[in-house]
Every structure is written in structure tokens, then in C-alpha cells.
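Here is how the chains run, residue by residue.
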Amino acid sequence: MALYAESGTPVAEGAEPAALGSSETFEDFYAREFPAVVGLAYALSGSRSSAEDIAQDAFLAAHHRWDRIGNYDQPGAWVRRVVANLAVSVLRRRVVEAKVLARIAIGTASALPELSTDDLEFWREVRSLPRRQAQVIALHYLEDMPVAEIGRVLGTAEGTVKKHLYDGRRTLAGRLELGEDEG
Amino acid sequence: MTLDTRARRAAQGIHRAVAVMEMSTSREPSRLMRFERYRDHKQRNRRLGAVALAAALTIATVVIVRTGALDPGRATVPVAPDGQAEPIAPTGIGTVTLSANGCTLDALDGPLAAGLVALSAVNGTDGVAAFDVARFHPEELTYERFAAHIERERRHAEAGKPVVDGAYGPFTGLGFPKYAGVLIHEEVRRGRSATMTGTVYPGTYAIVCYRTFDGSTELRPFALAGPLELE
């Protein structure tokens, strides 16, 4: 549920602040979170070229509102929600991709390395799931995130997250012809 | 190999790719400088975009005024080659309503076609609700057995039995029945309605309605509505 502010910048709707956080600097926050957030963008968009730009867009949105977001208990959850929404938006992704390909051509941007065939196949199947299931599966496996935390990132009830995880895992196991592990 | 093993391996692949990108750009400006460069680039583009948009709006206004394109008498409707209007909206198939007493499906009359469909979902309860459009195979799982399965889940939820540790899904150990699968899922806030849209195949369908129990925020199966045949 990404909203777009006047400037066209994506914001995370309802990313509620918990208690006041540590008010760390944006620079420290960015340095710590950037690799994980790019990874999430890569997994959900499947685009080597635009994953970094999707992540940068989310951090830029956080930077504009850092007075407020920096005081959240988990500003990382806010950025992940923006990325999760941007990365699964086909239209938005294509716009970003077109821009970044032009920048790669003139050498001012770089692309992520290609994944192995097996990994490509796995993430392609994840992206073919319904949007919410794909987001839940990516957060669960990429960041070992517990259900409650995934709920906080996506702004969804815990029960709903469990259901998406259950449905997504069952579909993936079927499509990839793999056995499901117990919980 | 299990799904978890494969998934964790694929996650490592992503982490490796990001690490390689980080190493390959370490000779370039630092990570933070890359961010600042990106931010400056976006601000410059936004300014250029605003100028271009203003110019385009001016030209469009002149063209509209000169050609009278806003005259309603000149409006035309796009028509397909065979003379039929192009279908651009999903086909409505009915309304499912969840209340404190149960869940009812009011399907539209006549044979309903599979494809891109829309089902209105009304949450008449005082808590959040969810709805699944589930396809099932009547030769393996009758509607009555499907409904009895959901009924057992409801009784477990009402009795306060927790979801079994380690089980995925909002079920108390029974899980989603075999020979049934979810094609569309939608969460609806209390007292609100939503339109569930998705592409479905020909077959037999039922709607699983979920609600919260006893102040918990966990959505659990409450009732089944249907069946519904799509051709």
C-alpha cells in the first residue's frame, strides 16, 4: 500500500512509530541497513539493474522525513515496507528500470551480479505468487524475520502473515516439487 | 531437498550478489556518497521534470482549445474489430457478507463465466475479517465436508484453542483441506467492504470467511459460503 507524496516520493502508509528510538544519524542507519534493503529489492523485483535504485528511492524518502522516522523504534521496518511495495509494483519497477538502464549505458550506475540458475528459478517462483505472499516469503527467508516482525513491516495482522506464509510455502513447494518442512 | 533448504540457499545467493556489488563499488565513492549522488541526481531531474510538465500542459491546453476536443459530441467509444465493446473491467459474480451469525454468498443469476472476476466482500462484524475465494474438487471434497472442516476450525477458535506451534496458517492443526486451494484473498476492516478481484479458472468455488475471536487479532476460519460454479 504505497502512497505517493506530492513530490512523487513513495511513503509507507501507517508505518506506526512505537516508542522513541535511539535517534541515530541517518548516515549510520543507511550504512547498516543498505545491503539488506537492496537484497530485498533484488529478490522482489528480480531486476539486477533497478534493485539499487528502488532501495535508494526508499532511503531518499526516509531521508526527507528523518526528523520523524529517525525517532521510530524500527526505522528499518519503514524502509522495508516502502521497498516491498515499490519492488512488487510492475509499473513503478519498469519506470525505474528504464531510467537506470540509461544510466548504466553512460557508466553512472551499476547492476547487481546475476544469480545462479537455481536461485533465479526460486525467486522467479516467489515473484509469481500473489503480492503479499511474495513479500512475506522474501522477508521470512532473506532476513529470518519472525512472523510478528513481518506483520510490523507490512502493517498486517500476525494471523494474516501466518496464512500468507502457509499458502506461499505450500504453493512454492508444489511448483518446485519440494517437500515442506514442519513449521 | 526441502523447501526451507532451497529457500535459504536462494537467500544466500541474494546476500552474495549484494556483497559482490559492494566490493566491486568499493573503489568508487563510498556508499553514502553514492546515496548523495543519487539524491542530487533525483533533485535535478525533478526540477527538469517540472519545467517539462509545465511546457507540456501549456501545449496540451492550446491544442484542446483549438481543436474543441472536450466537445462531448465528438467523443467516441473504442470498439473491437468485431463490433463488440472491449471488456476492460472484471465481471461481477456476486457479494459475500460476513456477519456475527455467519457468512452468506449472494451470487448473480445465470451461468457465471471464469476469467477476470470481481466479488464484493462485506464485513458486517466489529473486527477485521478476511475472505478466501477457494477452488475445490467436489469429486474428492464435497461442499458439505469442506463446510464441516471449517466448522471444526471455528469451534476450535471459539474454544480458545491456539494455533498449533509451528503450523503455518491460521488453523488449529487441521490445516487447509486437501483438494482445495486459494485463488484470491482479501482482508477487510470492520464495517467496511472491498472488491476481491482476480483471475479464476472454470470449476467449483467456495468462500472461506475469517474473523477474529475474543479480542485476539488473529484471523481464523469462521464459516464457509457457497458453492459457486464458474464455467
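Residues numbered from 1 in each chain as written. Chains lettered and ligands numbered in written order. Predicted model: local features only at pLDDT ≥ 70, side-chain atom pairs only at ≥ 80, totals over all residues.

Quick look at the pairing of strand 7 (residues 203-212) of chain B
All names here are of chain B. Within strand 7, nine of the 10 residues are buried, leaving the element largely enclosed by the surrounding structure. Where strand 7 meets strand 8 (residues 219-230), nine bridges bridge the pair, whose relative direction is antiparallel. In the sheet register, Thr-204 faces strand 8, and the bridge partner there is Glu-229. (Buried ≥ 20, exposed ≤ 12 C-beta atoms within 10 Å, placed from the backbone. Helix = DSSP H or I, 4+ residues; strand = E, 2+ residues; numbered from the N terminus. Pairing = 2+ DSSP bridges.)

Some remarks on the packing of helix 7 (residues 131-143) of chain A against helix 9 (residues 158-175) of chain A
Residues and elements named next belong to chain A. At a minimum axis separation of 9 Å, helix 7 and helix 9 run at an interaxial angle of 90°. Comparing the axis directions of helix 7 and helix 9 gives the class roughly perpendicular. The segment helix 7 lies against helix 9, with Arg-132, Gln-133, Val-136, Ile-137 and His-140 engaging Val-161, His-164, Leu-165, Asp-167 and Gly-168. Looking at side-chain class alone, the contact of helix 7 with helix 9 contains four nonpolar, four polar and two charged residues. (Axes fitted to C-alpha atoms, helices over the stretch in contact; angles between N-to-C directions. Parallel < 35°, antiparallel > 145°, perpendicular 65-115°, else oblique. Contact = placed C-beta atoms within 7 Å. Nonpolar A, V, L, I, M, F, W, Y, C, P; charged D, E, K, R; others polar.)

Here we look at the packing of helix 8 (residues 147-154) of chain A against helix 9 of chain A
Residue and element names in this part refer to chain A. Axis separation between helix 8 and helix 9 bottoms out at 8 Å; the angle between their running directions is 105°. Comparing their axes, helix 9 and helix 8 come out roughly perpendicular. Each of Val-147, Ala-148, Ile-150 and Gly-151 in helix 8 lies in contact with helix 9, whose residues at this interface are Glu-158, Val-161, Lys-162 and Leu-165. Tallied by class, the residues present in the contact of helix 8 with helix 9 amount to five nonpolar, one polar and two charged.

Some words on the interface of chain A and chain B
Counting residues at the interface gives 43 residues for chain A and 39 residues for chain B. Breaking the side of chain A that touches chain B down by element, the ones donating at least two residues are helix 1 (26-45), helix 2 (51-64), helix 6 (117-127), helix 7 and helix 9 of chain A. Looking at the side of chain A that touches chain B element by element, the count peaks at 11 residues for helix 9 of chain A. Of the residues that constitute the side of chain A that touches chain B, the class distribution is 24 nonpolar, nine polar and 10 charged.

Focus: the confidence of the model for chain B
Residue and element names in this part refer to chain B. Mean pLDDT over chain B: 78, with 78% of residues reaching 70 or higher. pLDDT under 50 marks residues 165-173. Its contacts with residues more than four places away, or in other chains, come to 35 contacts. Here the complex is predicted with pTM 0.51, and the ipTM for its interfaces comes to 0.80. (pLDDT = per-residue confidence, 0-100.)

Regarding the sheet that holds strand 2 (residues 103-107) of chain B
Residues and elements named next belong to chain B. Strand order in the open sheet made by the four strands is 2-1-3-6, with mixed pairing throughout. Both outer strands of the open sheet, strand 2 and strand 6 (193-200), are each paired with one neighbouring strand and no more. Pairwise comparison of adjacent strand axes, ignoring direction, gives a mean angle of 25° for this sheet. Summarising the sheet, strand 1 (residues 91-98) and strand 2 pair through five bridges and their orientation is antiparallel. Looking across to strand 2, one finds that Thr-95 is bridged to Asp-106.

Re the nonpolar core
Nonpolar side chains tend to gather and get buried jointly when the protein is soluble and globular. Judged by nonpolar contacts, the single largest core of 58 residues is most densely connected at Ala41(A), Ala55(A), Ala58(A), Val83(A) and Ala138(A). In terms of residue count, the dominant contributor to this core is helix 1 of chain A (10 residues). For Val83(A), the contacting residues outside a window of four places in its chain are Val37(A), Leu40(A), Ala41(A), Ile54(A), Ala55(A) and Ala58(A). Formed by 37 residues, the second largest nonpolar core is a distinct cluster that contains Ala107(B), Ala130(B), Ala180(B) and Leu228(B). (Core = buried A, V, L, I, M, F, W, Y, C linked by C-beta atoms within 7 Å.)

Section: the environment of Arg127(A)
All names here are of chain A. Within the secondary structure layout, Arg-127 lies in helix 6. For Arg-127, a count of 17 C-beta atoms within 10 Å translates into the label partly exposed. Each C-alpha atom of the pair Arg-127 and Gly-46 lies 7.9 Å from the other, and the pair is 81 residues apart in sequence. Residue contacts for Arg-127: discarding those within four places in its chain leaves Leu-44, Gly-46 and Ala-134.

Structural notes on the environment of Gly226(B)
Residues and elements named next belong to chain B. Tracing the backbone through its elements, the reader meets Gly-226 in strand 8. On the neighbour-count criterion, Gly-226 (21 C-beta atoms within 10 Å) is buried. For the pair formed by Gly-226 and Ala-147, sequence separation is 79 residues and the distance between their alpha carbons is 9.3 Å. With residues up to four places along the chain from it excluded, the contact list for Gly-226 reads Leu-105, Tyr-143, Tyr-205, Ala-206 and Ile-207.

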